[in-house]
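As a plain string of letters, each chain reads:
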Amino acid sequence: MASPSLIPAHFIVFFVVSRLMSILGNLRPSKNSLPCEIDSLGVHAKLRYDLDAIGLASTDYGNIVHEIPSAVLYPTSIDDIIELIKFSNECPLPFNVAARGHGHSVRGQAMAHDGVVVNMLSLKKHYKNGNGIRVSTSGNYADVGGEQLWIDVLNATLEHGLAPLSWTDYLYLTVGGTLSNAGFSGQTFLYGPQISNVLELDVITGKGDFMTCSKDQNSELFYAVLGGLGLFGIITRARIVLAKAPKRVKWVRMIYSDFSIFTRDQEHLISTKGLEYLEGSLLMDYTPANNWRSSFFSPSNESQIISLLKKHGILYCLDVVKYYDDETTNSVDKDVQMLQEGLNFIPGFTFMRDETYVDFLNRVRRGEITLKSKGLWDVPNPWLNLLVPKSRILDFNAGVFVDIIHRQKKTTGPLLVFPLTKIVWDDKMSAVVPDEDIFYSVGLLHSGSFNDWQDLDNQNNEILEFCDRAGIKMKQYLPHYKSKEEWIKHFGPKWNTFQERKAQFDPRMILSPGQNIFNYV
């Protein structure tokens, strides 16, 4: 079975383009699937029906699902989106509308079969008509358009010596996109997910109403939209909490061979003061020590790791980061040593890097550029992201990491596992997490080829079936289900509230059909 790394880059690019054109050729968009009255709208000139626009809106980072919309809206103002949604509501048979940011979903969540996809990035070109990025140094917040990329938010806020507290590992995602899910990374145990760092939102509801909301104003919409998978409204502005930005980081990676010790040390660290970032990952003896997401080890370090992998089969990497600036330069090394006291990593297997704050936050971008240069970015990515209760993480390791992933030796992408704390999540929001004080984020970031991605997806299903048989009450992050019963189980006690909010803010079920939730109800 061919590995993506063994296929010439030009062949992969040709294959992707040919495959998509074949799909589009067989399922050409039909303008007739939209009401003819749409041509009388002021927004009609901003609707595109050409293959370039339709092709982009028919795929995503996952490269697995392809749904053909009838048209793609390239808005130049928020009013364009309002007009489109209001028109759909007025139709006897409304058409679906989906907001698409950077297209980083993996299961077609931002697609709209026979509907209209809103290309949110179009607003970036017309920021004078939208929100752009406005920083308040007196209030320590930034008002940010939902179409803005987090990398641009970082650069804009740093000009004022400020930055958001909570991030995702990849910064080329839209603000509206991550806030519609949750948005988390290694800072989340301390500062909460990105949805916990929002003061106020502007939202276009599924009825086409433009509403400002916060915990104190239109709070039901505020809580619905944050983590709401785009089902209640399109975020056009978010007021993001800011704090003083550090200048540099000390990034330390420690290696473990025992999973129970590895998780025990992670849980110890998130209970201590002074740590700003923590993530864990796995290395397998059939994969390189460095991967596209993190080329941390030098060649000499890499040979050491490979030797250790031959002995143990699986190694666990614990990454901790300490921020610093001019005022703390002299004390940061001592602070790092204090954080490492009492930890039980393999002696001699600790590695450190010193990077700028920006380079650290934007580290995944380097891997993206490398993969794109080799034609390995636009391949099928059947990712599986889970939130696993702390009480069952050892069972998960034995049943999944050891007995499925390592035994089958299919997976070549990054494998992440690190703890999060429930106290920093707001249960009023739509996002769902396990019902334990500490739970683990598990990211199985598979990449395959167009010939073998189904094998990886079958492995995902095997993992989900194992969790179900073992009674591990995990939750999917960026969830993907195929039945109403599965969605009800996913949302648990929140399901009734979720339905009520849908009826209140999008009663005709226009928004985000690609989530496949209310399609079944």
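Computed from a prediction, not measured in an experiment: that's the story for all the values here. The numbering scheme is per chain: residues are counted from 1 as the chain's sequence reads. The predicted nature of this model means local features are confined to residues of pLDDT at least 70 and side-chain atom pairs, given and counted, to a pLDDT of 80 or more, with totals for whole chains, interfaces and linings taken over all residues. Calculated side-chain values reflect all of the structure's heavy atoms, with hydrogen atoms and water omitted.

## Focus on the side chain of Thr-205
Keep this limit in mind: Here a helix means four or more residues in a row that DSSP labels H or I, a strand means two or more in a row labelled E, and each is numbered from the N terminus. Two residues qualify as a contact provided that any one of their heavy atoms is within 4.5 Å of a heavy atom in the partner residue.
For Thr-205, the location among the structural elements is in strand E8 (residues 198–205). Leaving out residues up to four positions away in the same chain, Thr-205 has contacts with Ile-85, Met-211, Leu-221, Phe-232, Gly-233, Phe-505 and Leu-511.

## Quick look at the nonpolar core
Our working definition: Nonpolar cores are built from buried Ala, Val, Leu, Ile, Met, Phe, Trp, Tyr and Cys residues. Side-chain atoms within 4.5 Å join them into one set. Per-residue accessibility, obtained with a 1.4 Å probe over protein chains only, is compared with the maximum for each type, and a residue is labelled buried under 20%, exposed over 50%, and partly exposed between these values.
Of all hydrophobic cores here, the largest spans 126 residues; its most connected members are Leu-179, Leu-201, Ile-255, Ile-305, Phe-396 and Phe-401. The element that contributes the greatest number of residues to this core is strand E13 (residues 314–324), accounting for 8 residues. Once residues lying within four places of it in the same chain are set aside, the contact partners of Ile-305 are Ile-255, Leu-283, Ala-289, Phe-297, Leu-315, Phe-349 and Phe-351. Membership of the second largest hydrophobic core comes to 24 residues, among which are Leu-34, Ile-82, Phe-95 and Met-120.

## Comments concerning helix H10 (residues 332–340)
Defined as follows: Comment: arc refers to directions from the helix axis out to C-beta atoms.
Taken as a whole, H10 has its buried residues at Val-332, Val-336, Leu-339 and Gln-340. The buried residues of H10 occupy an angular sector of 95 degrees when projected down its axis, which confines them to one face. Of the exposed residues in H10, those oriented more than 90 degrees away from the buried face are Lys-334 and Gln-337. Backbone geometry just after H10 places Gly-342 at a positive phi near 85 degrees.

## Observations concerning the pairing of strand E5 (residues 133–136)
Here is the rule: One requirement defines pairing of two strands: DSSP has to find at least two bridges between them.
One ladder, built from 4 bridges, connects E5 with strand E6 (residues 141–145); its direction is antiparallel. Its bridge partner lying in E6, Arg-134 is registered against Asp-143. Count of turn residues in the E5/E6 antiparallel hairpin: 4 residues, of which Asn-140 carries a positive phi of about 55 degrees.

## What about the sheet that holds strand E3 (residues 97–100)?
If you trace the 4 strands from one edge of the open sheet to the other, you get E1-E2-E4-E3, paired in mixed fashion. The sheet is open, and its two edges are formed by strand E1 (47–48) and E3, each paired on a single side. Judged from the 3 bridges that link them, strand E2 (residues 71–73) and strand E4 (residues 116–119) form a sheet pairing that is parallel. Counted as the bridge partner of Ala-71 is Val-116 from E4.

## A short note on the environment of His-66
Which entries qualify depends on this criterion: Any pair of N or O atoms that falls within 3.5 Å is considered a polar contact. Within protein, one atom must be able to donate a hydrogen and the other to accept it, and sequence-neighbouring residues count only if both atoms are side-chain atoms.
Mapped onto the elements of the fold, His-66 is located in the loop between helix H2 (51–57) and E2. With 46 residues separating them along the chain, His-66 and Ala-112 place their C-alpha atoms 9.8 Å apart. A polar side-chain atom of His-66 sits 3.2 Å from the main-chain carbonyl oxygen of Ser-58.

## Examining the environment of Asp-468
Note that Asp-468 resides in helix H14 (residues 453–470). Assessed through its relative accessible area of 52%, Asp-468 is described here as exposed. In sequence terms Asp-468 and Thr-188 are 280 residues apart; their C-alpha atoms lie 27 Å from each other.

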